[in-house]
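# Structure at a glance
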Amino acid sequence: MYLNINNVSKSFQRRGEQPLRALENINLSIKEGEFVSLLGPSGCGKSTLLSMIAGLAKPSSGNVKLASQEITEPGPDKSMVFQEPALFPWMSVKENVTFPLRKNMNKRDREGAAWEYLKMVHLSQFADNYPHELSGGMQQRVAIARALAMNSKLLLMDEPFGALDEQTRLVLQEEVEKIWLNTEKTIVFVTHSIREAIKLSDRIMIMSARPGAIISDFKVNLSRPRQQKDMALLEEEVMAMLKTEIDNVMKEELQYAGNH
Amino acid sequence: MPVIIKRILFFVTLILIWEAVFLLDFWPDSMIPSPLSVANTIYAGFADMTLVYDILASFRHLLVGLTISLVIGTLLGVLLAKVKTADETLGTMILALQSVPSIVWVPLAIIWFGFSEASIIFVVIIGGTFVMTMNMRIGIKNVAPIYLKAARTMGSTGMDLFMKVIVPASIPHAVTGVRLAWAFSWRALMAGEMLSTGPGLGYTLSYASDFNNMSLVIGIIIIIGVIGSIVDQLIFQRVENKILKRWGMEEAA
Ligand SMILES: Nc1ncnc2c1ncn2[C@@H]1O[C@H](COP(=O)(O)OP(=O)(O)OP(=O)(O)O)[C@@H](O)[C@H]1O
Ligand SMILES: [Mg+2]
């Protein structure tokens, strides 16, 4: 397997409370070229898992291996779209997109790549603007262009389309699917949209909350591009599974609030 | 009513009250000179260039001292932010030194450097350095973690990370540091110059006081205040606002 998550647990220390068990015993193997989505209630540890794959955080126990090498550090071989745009405000849009390309491309190639991906996210007109002049959704699109331009084999995306309107979201889903089909990229994708997960993924990991765990490894065997009518049945199935989880989270919160 | 009109009205009123107090003749002219005599003194000073030389000399002291203090302050700030032991030892000392008013350093400077320009510049440097240090330190320590994370996933580490991400991310704090360093140095400069042998605005101020030239005393106080507020508002606040806006730390006005 290409990406192996072996018995990974992660807890965070909290002041005056029990440590928070964010993830417990996560086992997940992902083949090279697979498109895997993580779906689960808010706070179940999706971002935490992604940042451990990115090498930005260390598991409390267990390990994450990429091509048999344990991941200990972040790097450009694992590009990441964060849940928030994470652009550098002192750089123009173009400079942000070319930033990760400085070391292995000359200026012309860098700018060419930036142009290509900015066009893809419909922001080529804004290449010379600064992030603060863009809306939140536009900033997120720049971050997507930046990650795609890096052209890494492993792409981690944390709710990349969360801040976008339905139409832009659909267009970008298609673009990402196209890039994924044309390259051998492995994509780990976090989303709250069941439909989006079904539309794009080979596999959907459904997670439970606190401690986060994978409760279902759901294979999507529909031919691409996927049609709405074929997806409807799966959508209901996944929805039912998630609903139980989200209900559990709410019950737990009510209980905690009741006890304090 | 536009702000500028309000301000003009305010200062006209102030001058009229001043003139009225003067006309009451309650105090001798050597204590309360008329606005006109102050204006004449300022005019004369500019006409015979003495005040111009004073201003130029003061600016030279300030520029040299402030530049040095910014360089030292920046380096010290980086050191404190990056080396924990330095922060825990030198850091506490700098925090203490920051609370010492700069006039306190004047006697020490005179003993070390005599009544020379070096004395003045020394006081100016001390005046600006510590506040720049503390701001630079906070700026570097408070770089948003998300910038560092993003940069690291893009392959930026070590010196590249420091120069390309940490330093630019700390610019808003650095600019505040520069503005405060200027303000502190400007005050320190006057303290240093008052005990010098001239030229300089501070020197002329204490000279005027020795010779009971109240018009000149008030005239120079006005010049010091005007220069201070012009530099602060026209240069530093503008730069600061622009940077804060660009860095997304403030809503566009
Ligand atoms: N640095 C941290 N320190 C302490 N607790 C943390 C930290 N990061 C995450 N957590 C906790 O870990 C749990 C999982 O957080 P995470 O951000 O991974 O959730 P998520 O599944 O991405 O949620 P969302 O869908 O809302 O983005 C949460 O309960 C959160 O409070
Ligand atoms: Mg998240």
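Residues numbered from 1 in each chain as written. Chains lettered and ligands numbered in written order. Predicted model: local features only at pLDDT ≥ 70, side-chain atom pairs only at ≥ 80, totals over all residues. Heavy atoms only, no water.

All names here are of chain A. The buried fraction of strand S3 (residues 35–39) is high, at 5 of 5 residues. Side chains Phe35, Ser37 and Leu39 project from S3 onto one buried face, and the interleaved Val36 and Leu38 project onto a second face that is buried too. The sheet contact formed by S3 and strand S8 (residues 186–190) spans 4 bridges and is parallel. Bridging from a neighbouring strand, serine 37 pairs with phenylalanine 189 of S8. (Buried < 20%, exposed > 50% of the residue type's maximum accessible area, 1.4 Å probe, protein only. Helix = DSSP H or I, 4+ residues; strand = E, 2+ residues; numbered from the N terminus. Pairing = 2+ DSSP bridges.)

Residue and element names in this part refer to chain A. Lining the immediate environment of ligand 1, one finds 13 residues, of which Ser42, Lys46, Ser47, Thr48 and Gln83 sit closest. Measuring from an oxygen atom of ligand 1, one finds a side-chain N or O atom of lysine 46 at 2.8 Å. Within the contact set of ligand 1, an oxygen atom lies 2.7 Å away from a side-chain nitrogen or oxygen of serine 47. Bound to the protein, ligand 1 loses 64% of the 630 Å² it would expose on its own. Listing elements by their share of the shell around ligand 1, those giving two or more residues are strand S2 (20–30) and helix H1 (46–54). (Near = heavy atom within 4 Å. Polar contact = N/O pair within 3.5 Å; in protein donor to acceptor, adjacent residues only side chain to side chain. Areas by Shrake-Rupley, 256 points an atom, 1.4 Å probe, with all protein chains shown as cover.)

Turning our attention to the confidence of the model for chain B. Residues and elements named next belong to chain B. Confidence in the prediction of chain B, expressed as mean pLDDT, is 92, and 98% of residues score 70 or more. Across chain B, the secondary-structure element scoring lowest on mean pLDDT is helix H11 (residues 214–246), at 91, and the one scoring highest is helix H3 (residues 50–82), at 96. Under the prediction, the complex receives an ipTM of 0.88, its pTM being 0.85. (pLDDT = per-residue confidence, 0-100.)

Here chain A averages 90 in pLDDT, and 100% of its residues register 70 or above. Mean pLDDT in chain A bottoms out at helix H7 (residues 228–259) of chain A, which sits at 80, and peaks at helix H2 (residues 93–98) of chain A, which reaches 96.

It is worth spelling out the coordination of the magnesium ion (ligand 2) at this point. Coordination of the magnesium ion (ligand 2) by the protein involves A:Ser47 (OG) and A:Gln83 (OE1), with metal-donor separations of 1.9 to 2.3 Å. Note that A:Ser47 is positioned in helix H1 and A:Gln83 in the loop between strand S6 (78–81) and H2, a separation of 36 residues in sequence. (Donors = N, O, S within 2.8 Å, 3.2 Å for Na, K, Ca; no water.)

Once that is clear, we can look at the interface of chain B and chain A. Interface size is commonly expressed as the accessible surface area that is lost when the partners come together. Across the contact, 19 residues belong to chain B and 22 residues belong to chain A. Here chain B meets chain A over a buried area of about 1,900 Å², counting both sides, of which 71% is carbon and sulfur. When the area that chain B buries against chain A is broken down by residue, the three leading residues are B:Thr153, B:Met154 and B:Arg246, summing to 38%. Applying the counting rule to chain B against chain A returns 2 salt bridges. A:Lys103 is the partner of B:Asp160 in a salt bridge, and the nearest nitrogen-oxygen pair spans 4.0 Å. Elements represented by at least two residues in the side of chain B that touches chain A include exactly helix H7 (145–153), helix H8 (158–169) and H11 of chain B. The dominant element in the side of chain B that touches chain A, judged by the number of residues it contributes, is H7(B), at 7 residues. (Contact = heavy atoms within 4.5 Å. Buried area = accessible area lost by both parts, 1.4 Å probe. Salt bridge = Lys/Arg side-chain N within 4 Å of Asp/Glu carboxyl O.)

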